[in-house]
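Analysis of the macromolecular model
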Amino acid sequence: MSGGFRSRSRHASASTRKDRRSPAERTRQRQGKRDVNSLGVDPARSIAYRVLRKVHGEGAYANLVLPRLLRDQRLNQRDAAFATEITYGTLRAEGTLDRIIEHCSSRPLERIDSGVLDAVRLGAYQLLYTRVDAHAAVDTSVTMAGSVGGASVRGFANAILREISRHDTAWWLSTLRPEGEIAGIAFEHSHPRWIADSFSRVLGLQELSLALAEDSQRPITHLVARPGELSAEELAMISGGEVGKYSPYAVYLPQGDPGRLEPVREGMAAVQDEGSQLIAQAVVAAPVTGGDQGRWLDLCAGPGGKAALMGALARIDGAHLDAVELSEHRSQLIRQTVRDLPVSVHTADGRDPGLTPGFDRILVDAPCSGLGALRRRPEARWRKQESDIEDLVRLQKQLVDSAAKLLKPGGVLGYSTCSPDLRETRGVVDWLLGEHPELREDNAQSLMPEAMHQLGDHLSVQMWPHRHGTDAMFFALLRREK
Ligand SMILES: C[S@@+](CC[C@H](N)C(=O)[O-])C[C@H]1O[C@@H](n2cnc3c(N)ncnc32)[C@H](O)[C@@H]1O
């Protein structure tokens, strides 16, 4: 968690505090009085609170709601940054904040009105993870709690936040740290225990903290320069970004809105994680025994990121890509993305897509838990349920089984997930190898750039944000021998 906004004192004692608000803080509070939508507080906190309510009350995604509200309210850059920090930070830290709030509360969490709880969470986050003046953090949250829950909850919210403000973050983390190493690390980095367990099964304990900490960092934007249209060097020059470390098509864009870049608006470039680029490229680069006849398939293609890169490479190689997607809406998104490319989009179930077998190359980028991209959605780690994994694994097995039947002898099948969970990764690959004796596993690591190290202990590839700067993508390559 970030701890930005250094101009404010961090853990000022609640009882002895004078008005130590920074000038920006005073301005923010003055503005609050003028804001029609506010809850009696400044616009930045008011917006943060409204996003939290939408996330918890309506199942909204913070990264979609917040930018809209910031635009509507026309916050200046500094206030927008503050609103973003406290919104995303509060959502990420939710499990740990809730444990601390519950410890300080006279009633269990389930008996606290959810609107009041969100106001208290925002205050607790500011107290524990930012340098915002403690007085301002407490008062604004108490005001918000009061405006949603009535005057009677003001004292309740105030008591909890005053109690939290009596100790610093390290004290709370060590005092309430649960027993057991993994549970402790999960608490410290604010992840559900089951996700920490899942990561530790792949990484071991040594790197677990690093991996979990990375989920709270905002990823820099990766762009892909579409092959045959634009080089990564040209895109870097136009965008002011930097050529990527691993993918020949990647550009890192540390800041700025990619949607405003001309190459992106014209479809010559797009936003795409570098790990996804490497996977699409590896499926195309893998040698096909007996020669490639140019029949390629992407069996789970929506919204079309990998299909667009494979399609651009297909155009160069004189090949053709069939892109299958279950959802009609997502099929439309693929069609928009692959406009001029040799790609046919089919809205169909990949388990039985009705296509003639004999494909040279197939990618199954399966629907998965998404545990490898938690840094992209602040609330995601608390929303996902371990119980979802069983159904996902069943679907993943059905999809790779279908792909195996569509593959020609000598052809290659790439299987990828945006999850490092072993049940969704090695579990599915090992199951497939058991079901299909005609398949063998190729060395997928040899298809990755030489500079890319620490890809895991198997023939397959496991990327990690803290190691490679990509999402935690998994990729395995299978070949049909006969
Ligand atoms: C991980 S996403 C694929 C991302 C895509 N490859 C890209 O790079 O943009 C998985 C996709 O599979 C689709 N899907 C889910 N079940 C499917 C099925 N039975 N058949 C085909 N597609 C399916 C989902 O709608 C989703 O769009």
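Computed from a prediction, not measured in an experiment: that's the story for all the values here.

At a minimum axis separation of 9 Å, helix α10 (residues 181-188) and helix α11 (residues 193-203) run at an interaxial angle of 115°. The two elements α10 and α11 cross, and the hand of that crossing is right-handed. In this structure, α10 contributes I182, A183 and A186 to the contact, and α11 contributes R193, A196, D197 and S200. Here the residues of the contact of α10 with α11 sort into 4 nonpolar, 1 polar and 2 charged.

Turning to the domain arrangement of the protein chain, a few remarks are in order. Under the domain assignment used here, the protein chain contains domain 1 (23-173), domain 2 (177-214), domain 3 (221-271) and domain 4 (274-480). For domain 3 versus domain 4, the distance between C-alpha centres works out to 23 Å. In this complex, domain 3 contributes 17 residues to the contact, which on the side of domain 4 involves 19 residues. Here E229 and R315 are joined by a salt bridge, their closest N and O atoms 3.1 Å apart. On inspection of domain 3 and its partner domain 4, the count reaches 10 residue pairs in polar contact (both at pLDDT 80 or more).

This next bit is on the UniProt feature "binding site: S-adenosyl-L-methionine" (unreviewed entry) in the protein chain. The feature "binding site: S-adenosyl-L-methionine" (unreviewed entry), as annotated in UniProt, sits at C300, A301, G302, P303, G304, G305, K306, E325, D349 and D365 in this numbering. One can find K306 in helix α16 (residues 305-317). Classification of K306 by relative accessible area gives buried; the value is 9%. Beyond its immediate chain neighbours, meaning those up to four positions away, K306 contacts Q272, S276, I279, A280, D298, L363, D365 and M473. Among the polar contacts made by the side chain of K306, one reaches the side chain of S276 at a distance of 3.3 Å. A polar contact of 2.9 Å, which involves the side chain of D349, links it to the backbone nitrogen of R351.

Next up on the list: the nonpolar core. One finds V51, L97, I101, L127, L128, L161 and I164 to be the most contacted residues of the largest nonpolar core, which totals 56 residues. The set of elements that each furnish at least two residues to this core consists of α2 (43-58), α3 (62-73), α4 (77-92), α5 (94-104), α6 (114-129), α7 (134-149), α8 (152-165) and α9 (169-175). With 10 residues, α6 is the single largest residue contributor to this core. Ignoring any residue separated from it by four or fewer positions in sequence, one finds I101 in contact with L109, L117, V120, R121, A124, I160 and I164. Among the nonpolar cores identified, the runner-up in size contains 43 residues, and I185, L355, L374 and L432 belong to it.

Looking now at the site of the ligand. Taken together, 19 residues are adjacent to the ligand, and G305, E325, R330, G350 and D365 come closest. In this structure, R330 approaches the ligand through a side-chain N or O atom, which is 2.5 Å from an oxygen atom. One of the side-chain N or O atoms of D365 is found 2.7 Å from a nitrogen atom in the ligand. Considered class by class, the residues forming the shell around the ligand number 9 nonpolar, 4 polar and 6 charged.

Here we come to the sheet that holds strand β4 (residues 269-271). A sheet is described by the order of its strands in space; here 4 strands give the open sequence β2-β3-β1-β4, paired in antiparallel fashion. The open sheet has two free edges, formed respectively by β2 (242-243) and β4, since each of these has just one partner strand. With 4 bridges connecting them, strand β1 (residues 221-225) and strand β3 (residues 250-253) associate as antiparallel partners. For H222, the partnering residue across the bridge sits in β3 and is Y252. Together, β1, β2, β3 and β4 form the strand contacts of helix α13 (residues 232-239), whose direction differs from that of β3 by roughly 20°.

What follows is about the environment of G40. Tracing the backbone through its elements, the reader meets G40 in the loop between α1 (23-34) and α2. In this structure, the C-alpha to C-alpha distance between G40 and L413, residues 373 residues apart in sequence, is 58 Å.

Turning our attention to the UniProt feature "active site" (unreviewed entry) in the protein chain. Mapped onto the present numbering, the UniProt feature "active site" (unreviewed entry) falls on C418. As for its placement among the helices and strands, C418 is situated in the loop between β9 (407-417) and α20 (426-435). Each residue touching C418, except ones within four places of it in the same chain, is listed here: C368, G370, L371, G372, A373, D471, A472 and M473.

Now for the side chain of R45. Along the chain, R45 turns up in helix α2. Of the polar contacts made by the side chain of R45, one reaches the side chain of Q126; its length is 2.9 Å.

Attention now moves to the confidence of the model for the protein chain. A residue-level look at the protein chain finds 92% of positions with pLDDT of 70 or above and a mean pLDDT of 93. Here residues 1-19 is a poorly scored stretch, pLDDT under 50, and it has 62 contacts once near neighbours within four places are set aside; other chains count. Between residues 28-36, whose pLDDT stays under 50, and residues either more than four places distant or in other chains, the model counts 21 contacts.

What follows concerns the pattern of salt bridges. For the coordinates displayed, the defined rule picks out 33 salt bridges. One salt bridge connects R177 with E188, and the closest N-O pair in it is separated by 3.1 Å. Residue R177 is located in the loop between α9 and α10, and its partner E188 is located in helix α10; the two are separated by 11 residues in the primary sequence. On the basis of relative accessibility, which here comes to 37%, the residue R177 falls in the partly exposed class.

Definitions and limits used
Residues numbered from 1 in each chain as written. Predicted model: local features only at pLDDT ≥ 70, side-chain atom pairs only at ≥ 80, totals over all residues. Heavy atoms only, no water. Axes fitted to C-alpha atoms, helices over the stretch in contact; angles between N-to-C directions. Helix = DSSP H or I, 4+ residues; strand = E, 2+ residues; numbered from the N terminus. Left-handed = near helix turned anticlockwise from the far one by under 90°. Contact = heavy atoms within 4.5 Å. Nonpolar A, V, L, I, M, F, W, Y, C, P; charged D, E, K, R; others polar. Domains from an automatic or database assignment. Salt bridge = Lys/Arg side-chain N within 4 Å of Asp/Glu carboxyl O. Polar contact = N/O pair within 3.5 Å; in protein donor to acceptor, adjacent residues only side chain to side chain. UniProt positions renumbered as here; feature names shortened; annotations may be inferred. Buried < 20%, exposed > 50% of the residue type's maximum accessible area, 1.4 Å probe, protein only. Core = buried A, V, L, I, M, F, W, Y, C linked by side-chain atoms within 4.5 Å. Near = heavy atom within 4 Å. Pairing = 2+ DSSP bridges. pLDDT = per-residue confidence, 0-100.

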